Amino acid sequence: MSDSEKQSQVAQLGAEFNVEPRRIRDSTATYPSSNPLESIDGHTDESSSSDISEGGVKAYLTIFGAFLALFCTFGQMNAFGTFQAWYTTHQLSTFDASTISWIGSLQLWVFFFSGGPIGYLFDRYGPRMLMLVGTICYVLSIMMTSISTQYYQYILSQGVLFGLGVGLLFYPSLSSISTHFVTYRATATGLAVAGSGLGGVVFPIMLQTLFERVGFGWATRISGLLCGLLCGVAVLIVTTSDSTGKAPTHFAGLKCLKEPQYMLLAAGGSLVALGCFVPYFYVVNYAQSLGISSHMSFVVLALMNAGGVFGRVAPAILSDSIGRFNLLAPTSFVAGLSILVCWMFAHTLPTLIVFSILYGFFSGAFISVITPCVAQISDIREIGMRIGLMYSIISFPALIGGPIAGFILGFNHGSYNGMIIFAGTSMVAGSLLIFGVKFLINPHLLARV
């Protein structure tokens with residue numbers, strides 16, 4: 001038998017037992033895309049991902065800085081249900097739930113849609129200036145919200161400006177983490193994203209307590225001053241790795257729009273995002289419709305975000321061992337299933353608490369693991385652009401998810417069943433498309449992807 005025949009037989013045996021040749025790297029690595037050597041992801045490599053120095057003081061400070069930024073920004077965004085419930089009985093009591101939810105949906109859309117251009121600027125200029133501008137926009141938006149009285153003012157301050165500030169802090173901080181880690185990228189990202197879950201626990205309780213004690217205006221201003229201080233620290237300590245390499249000088253990252261893996265992930269992520277935020281927006285109103293007290297209704301939302309703290313960390317750590325797509329798809333599926341099964345039949349406070357914790361955990365996994373999944377199929381030099389573009393794509397379903405749920409709620413004369421079915425089926429359908437991405441990368445069922 002010739003040497004070439006032996007090599008062919010070894011390769012065939014390796015494929016049969018899901019063992020890859022040494023020169024083709026792990027399917028959970030990140031692959032730049034311009035070397036003759038092609039990875040199993042379909043990407044090629046110009047400089048090995050091993051060039052990135054794993055960990056170090058700057059890397060760990062970046063995780064902490066991103067944690068602080070997400071605690072303030074995405075954490076408070078997760079607490080929008082607190083504002084919606086307050087607006088319903090106070091400043092915007094003449095508007096229906098669907099109209100009020102446009103504020104939260106708009107901030108989500110601006111946040112998501114801004115990802116593409118912010119990611120491109122990050123690849124060119126790094127995180128610091130973007131995060132500084134983001135901190136200014138974010139704090140200014142909160143201060144303007146505190147003095148708003150008209151619907152259009154809330155749309156501009158808490159919708160548009162708030163969403164832009166969140167985007168300018170969120171994308172550079174998470175993308176910076178991806179430049180410091182390869183092997184433990186999902187773990188590092190999960191630790192940072194846990195800040196958003198913790199913020200989602202703290203802010204609903206803190207805001208509701210302050211609303212009652214010092215009034216809406218000062219409660220909002222106090223949260224803005226606190227967040228301004230923490231985001232200022234994040235601006236100082238979030239950095240990128242020195243070994244990232246030179247960013248492309250044009251919109252090279254747009255070539256991902258022709259990649260089946262990327263676009264199928266975008267389609268799946270869009271369907272998940274369509275239903276993902278509905279429970280966060282409406283669980284407080286749902287609890288109050290059951291006769292649960294206002295205070296306990298906000299506790300239910302806080303518990304949902306508490307489940308998200310663990311959901312952002314534990315699955316992310318596990319995904320570095322079993323594969324990121326292997327974890328993203330099933331957790332998204334279970335999150336949708338929990339809406340259809342648990343929320344549909346949660347008619348008492350204990351059952352609603354069980355749903356909130358379970359849903360918070362599994363939806364948190366989607367929020368934390370989707371970014372490492374995008375990084376896994378991306379050129380490290382284009383990582384900001386490709387992550388941001390993914391969020392830009394899913395911004396549109398995130399925008400309309402809340403208002404559609406509110407419309408269904410009104411159409412059914414206050415019955416939540418239709419809204420629950422809409423949110424749950426959207427997430428389940430999206431998870432099935434994400435399963436498809438996994439099989440595009442590696443068709444073996446038990447492959448680590």
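As named in an unreviewed UniProt entry, the protein is Major facilitator superfamily domain-containing protein, taken from Lentinula boryana. According to the UniProt record, the Sequence similarities (unreviewed entry) comment for the protein reads "Belongs to the major facilitator superfamily. Monocarboxylate porter (TC 2.A.1.13) family." Reading the Subcellular location (unreviewed entry) entry of the UniProt record for the protein gives the comment "Membrane".

Enquirer: What am I meant to see in the overall build of the protein here?
Expert: On a plain count of helices and strands, the protein comes out with 17 helices and zero strands. The 449 residues of the protein split such that 60% are buried. Taking the intrachain contacts of the protein between residues at least 6 apart in sequence as the baseline, contacts between residues at least 24 apart amount to 83%. When the accessible surface of the protein is totalled, it reaches about 16,900 Å², and 71% of it is carbon and sulfur.

Enquirer: Would you explain the packing of aromatic side chains in this entry?
Expert: The geometry of an aromatic ring pair comes down to the distance between the two centres and the angle between the two planes. Summed over all chains, the structure comprises 34 aromatic pairs. Their ring planes at 65° and their centres at 5.6 Å tell us that Phe80 and Phe281 sit as a pair that is edge-to-face. Of the two residues, Phe80 is situated in helix α3 (residues 80-89) and Phe281 in helix α11 (residues 278-289); the sequence distance between them amounts to 201 residues. A relative accessible area of 1% places Phe80 in the buried class. Between Phe355 and Tyr359, the aromatic rings sit 5.7 Å apart at their centres with planes inclined by 25°, giving stacked as the arrangement. Here Phe355 pairs with Tyr359, and both are found in helix α14 (residues 349-376), just four residues apart, close to one helical turn. A single burial state applies to Phe355 and to Tyr359, both of which are buried.

Enquirer: Is there a simple way to think about the environment of Ile380 in this case?
Expert: Inspection of the secondary structure puts Ile380 in the loop between α14 and α15 (383-393). The buried category is assigned to Ile380, whose relative accessible area is 8%. Sequence spacing of Ile380 and Ser178 is 202 residues, and the spatial spacing of their C-alpha atoms is 8.1 Å.

Enquirer: Help me out: how do you make sense of the packing of helix α4 (residues 97-113) against helix α5 (residues 115-125) in this one?
Expert: Between two packed helices, both the angle of their axes relative to each other and the distance between the axes serve to describe the pair. It is the contact of α4 with α5, at a shortest axis distance of 5 Å, that shows an interaxial angle of 35°. On the side of α4, the interface is formed by Phe111, Phe112 and Phe113, while α5 contributes Gly115, Gly116 and Pro117. Classifying every residue of the contact of α4 with α5 by side-chain character gives four nonpolar, two polar and no charged.

Enquirer: What is the right way to look at the side chain of Glu259 in this model?
Expert: Summarising the element assignment, Glu259 is placed in the loop between α9 (216-237) and α10 (260-276). There is a polar contact of 2.8 Å between the side chain of Glu259 and the side chain of Arg386.

Enquirer: Can you walk me through the environment of Gln208 in this structure?
Expert: With respect to the helices, strands and loops of the structure, Gln208 is situated in helix α8 (residues 185-214). In this structure Gln208 comes out as buried when scored by relative accessible area, which is 6%. Linking Gln208 and Ala219, residues eleven residues apart in sequence, is a C-alpha distance of 8.5 Å. Every residue in contact with Gln208, bar those within four places of it in the chain, is listed here: Thr82, Trp86, Phe203, Ser294 and Phe298.

Enquirer: Help me out: how do you make sense of the pattern of salt bridges in this one?
Expert: Oppositely charged side chains can pair when the atoms bearing their charge come close. Summed over all chains, the structure comprises two salt bridges. Arg386 is the partner of Glu259 in a salt bridge, and the nearest nitrogen-oxygen pair spans 2.8 Å. Of the two residues, Glu259 sits in the loop between α9 and α10 while Arg386 sits in helix α15, which places them 127 residues apart along the sequence. For the pair Glu259 and Arg386, one class covers both residues: buried. Arg324 serves as the salt-bridge partner of Asp320, at 3.0 Å between the closest nitrogen and oxygen. For Arg324, a relative accessible area of 1% corresponds to the buried category.

Enquirer: Whenever I open this one, the confidence of the model for the protein confuses me. Can you help?
Expert: When pLDDT drops low, the exact placement of atoms in the prediction is not to be read closely. Averaged over all residues, the pLDDT of the protein equals 83, while 86% of them reach at least 70. Overall, residues 13-50 carries pLDDT values under 50, and its contacts beyond four positions in sequence, including any with other chains, amount to 84 contacts.

Enquirer: Honestly, the nonpolar core in this entry has me stumped. Any pointers?
Expert: As a rule of thumb, soluble globular proteins bury nonpolar side chains together. Among the nonpolar cores identified, the biggest contains 125 residues, and Tyr87, Phe112, Tyr138, Leu265, Trp343, Leu352 and Tyr359 are the most heavily contacted of them. Every residue in contact with Leu265, bar those within four places of it in the chain, is listed here: Phe325, Leu328, Cys373, Val374, Ile377, Met390, Ile434 and Val437.

Enquirer: Looking at this structure, I do not really get a nonpolar patch on the surface. What am I missing?
Expert: Judged by side-chain polarity, Met129, Leu132, Val133 and Ile136 come together as a nonpolar surface patch covering roughly 370 Å² of accessible area. Tracing the chain through its elements places Met129 in helix α6 (residues 128-146). A relative accessible area of 55% places Met129 in the exposed class.

Enquirer: Got a minute to help me understand the environment of Ser241 in this structure?
Expert: Along the chain, Ser241 falls in the loop between α9 and α10. Owing to a relative accessible area of 7%, Ser241 belongs among the buried residues under this scheme. Through-space distance from the C-alpha of Ser241 to that of Ser178 is 8.9 Å; in sequence the pair is 63 residues apart.

Calculation notes
- Residues numbered from 1 in each chain as written.
- Predicted model: local features only at pLDDT ≥ 70, side-chain atom pairs only at ≥ 80, totals over all residues.
- Heavy atoms only, no water.
- UniProt positions renumbered as here; feature names shortened; annotations may be inferred.
- Helix = DSSP H or I, 4+ residues; strand = E, 2+ residues; numbered from the N terminus.
- Buried < 20%, exposed > 50% of the residue type's maximum accessible area, 1.4 Å probe, protein only.
- Contact = heavy atoms within 4.5 Å.
- Areas by Shrake-Rupley, 256 points an atom, 1.4 Å probe, with all protein chains shown as cover.
- Phe/Tyr/Trp six-rings, centres within 6.5 Å; stacked < 30°, edge-to-face > 60°.
- Axes fitted to C-alpha atoms, helices over the stretch in contact; angles between N-to-C directions.
- Nonpolar A, V, L, I, M, F, W, Y, C, P; charged D, E, K, R; others polar.
- Polar contact = N/O pair within 3.5 Å; in protein donor to acceptor, adjacent residues only side chain to side chain.
- Salt bridge = Lys/Arg side-chain N within 4 Å of Asp/Glu carboxyl O.
- pLDDT = per-residue confidence, 0-100.
- Core = buried A, V, L, I, M, F, W, Y, C linked by side-chain atoms within 4.5 Å.
- Patch = residues over 30% accessible without salt bridge, like charges linked within 9 Å, V, L, I, M, F, W, Y side chains within 5 Å.

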